[in-house]
Amino acid sequence: MKKLEHIGIAVRNLEESEALFARLLGTSSYKRETVESEGVITSFFAIGDVKIELLAATNAESPIAKFIEKKGEGLHHLAFEVDGIQERLNRLQSDGFDLIHQQPKSGADNKNIAFLHPKSTGSVLTELCEEKKA
Ligand code: ZN
């Protein structure tokens, strides 16, 4: 993994959480982006070299809605930047990690993303991401 790219936080109400994190972090969200395929709207903060990604559900079937139902709001995932996301997924799978996505899919922030199942990663939902190439 190249670096910790962002930390995902599941929230119920995006406006309220944006205001809370703006006060906490001393900086405002710099963009919002909806990922319809995942049923989420995201909001990004930049803290040094790492981003904080707030995730709110856009519908009841969203993985974020289900997560909040089960666990409440809070830390959702860690996202690591990689080069060659497909090869990295293949390697992690042959190394015994369970993949949620066998192939990367289009995510927020101009990235291809894929998640590893938390049951194989010490209960830490883990995302790999790679900048989309133009
Ligand atoms: Zn993420």
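Look above for the structure.
Residues numbered from 1 in each chain as written. Predicted model: local features only at pLDDT ≥ 70, side-chain atom pairs only at ≥ 80, totals over all residues. Heavy atoms only, no water.

An account of the layout of surface pockets is needed here, citing residue identities and associated values.
Computed from the structure, the largest pocket encloses a volume of approximately 720 Å³. Considering the residues around the largest pocket, the lining is formed by 34 residues, among which Pro63, His76, His77, Phe115 and Leu125 are closest to the centre. Residue assignment for the lining of the largest pocket shows that the elements contributing at least two residues are strand S1 (3–10), strand S3 (40–47), strand S4 (50–57), helix H2 (63–71), strand S5 (74–81) and strand S7 (111–116). Per element, the largest residue contribution to the lining of the largest pocket is six residues, and it comes from H2. Taken together, the residues of the lining of the largest pocket break down into 17 nonpolar, eight polar and nine charged. (1 Å grid on protein atoms, 1.4 Å probe; cavity = no way out; pocket = protein on both sides within 12 Å on 5 of 7 lines; lining within 4 Å. Points joined across faces, edges and corners; volume = space filled by probe spheres on them. Helix = DSSP H or I, 4+ residues; strand = E, 2+ residues; numbered from the N terminus. Nonpolar A, V, L, I, M, F, W, Y, C, P; charged D, E, K, R; others polar.)

Break down the packing of aromatic side chains for me, citing the residues and quoting the values.
By the definition in use, this model includes one aromatic pair. Judged by centre distance (6.3 Å) and plane angle (45°), the ring pair of Tyr30 and Phe44 falls under tilted. Taken together, the positions of Tyr30 in the loop between helix H1 (14–25) and strand S2 (31–35) and Phe44 in strand S3 put the pair 14 residues apart, joining distant regions of the chain. The exposure class assigned to Tyr30 is partly exposed, which follows from its relative accessible area of 42%. Above the face of the Phe44 ring, Lys31 is positioned so that its terminal group lies 5.5 Å from the ring centre. (Phe/Tyr/Trp six-rings, centres within 6.5 Å; stacked < 30°, edge-to-face > 60°. Buried < 20%, exposed > 50% of the residue type's maximum accessible area, 1.4 Å probe, protein only. Lys NZ or Arg CZ within 6 Å of the ring centre and 35° of its normal.)

Can you break down the coordination of the zinc ion residue by residue, with the values?
For the zinc ion, every protein donor is listed as His6 (NE2), Glu53 (OE), His77 (NE2) and Glu127 (OE), and the spread of their distances is 2.1 to 2.3 Å. If you look at the zinc ion, its four donor atoms make angles of 83 to 168° with each other, and the shape they trace is irregular. Here the donor residues of the zinc ion share one chain and are spaced in sequence as H-x46-E-x23-H-x49-E. Here Glu53 lies in strand S4 and His6 lies in strand S1, a separation of 47 residues in the sequence. Exposure remark for Glu53: the relative accessible area of 6% places this residue in the buried category. (Donors = N, O, S within 2.8 Å, 3.2 Å for Na, K, Ca; no water. Tetrahedral: all angles 85-135°; square planar, octahedral: opposite > 155°, others 65-115°.)

Can you lay out H1 for me, pointing to particular residues and giving the numbers?
Given 3.6 residues per turn, any residue in an α-helix points the same way as the ones three and four places further on. When the terminal C-alpha atoms of H1 are compared, their 16 Å separation across 12 residues agrees well with the 16 Å that a helix rising 1.5 Å per residue should span. Along H1, the positions that sit buried rather than exposed are Leu14, Ser17, Glu18 and Phe21. Buried positions in H1, seen along its axis, are confined to an arc of 105° and lie on one side of it. The exposed residues of H1 that point more than 90 degrees off its buried face are Glu16 and Arg23. Where H1 is buried, its residues touch S1, S2, S3 and S4. Sitting at the amino-terminal end of H1 is Asn13, which places a side-chain oxygen 3.1 Å from the backbone nitrogen of Glu15. The positive-phi residue at the C-terminal boundary of H1 is Gly26, with phi of around 75°. (Expected span 1.5 Å × (residues − 1). Arc of directions from axis to C-beta. Contact = heavy atoms within 4.5 Å. Polar contact = N/O pair within 3.5 Å; in protein donor to acceptor, adjacent residues only side chain to side chain.)

Help me get a handle on the pattern of salt bridges, residues and values and all.
Within this structure, the stated rule accounts for 16 salt bridges. Residue Lys2 pairs with Glu81 through a salt bridge whose shortest N-O separation is 3.1 Å. Of this pair, Lys2 sits in the segment before S1 while Glu81 sits in strand S5, and the two are 79 residues apart along the sequence. Lys2 sits in the partly exposed class, given a relative accessible area of 48%. Taking relative accessible area as the criterion, Glu81 reaches 17% and is therefore assigned buried. Between Asp109 and Lys31 there is a salt bridge, with its nearest N and O atoms 2.5 Å apart. Highlighted residues: Asp109 in the loop between strand S6 (105–106) and S7 and Lys31 in strand S2, separated in sequence by 78 residues. Taking the relative accessible area as the measure of exposure, Asp109 reaches 9% and is therefore buried. Residue Lys31 is classed as partly exposed on the basis of its relative accessible area, which comes to 26%. Through salt bridges that share partners, Glu5, Lys31, Glu33, Lys51, Asp109, Lys111 and Glu131 make up one connected network. (Salt bridge = Lys/Arg side-chain N within 4 Å of Asp/Glu carboxyl O.)

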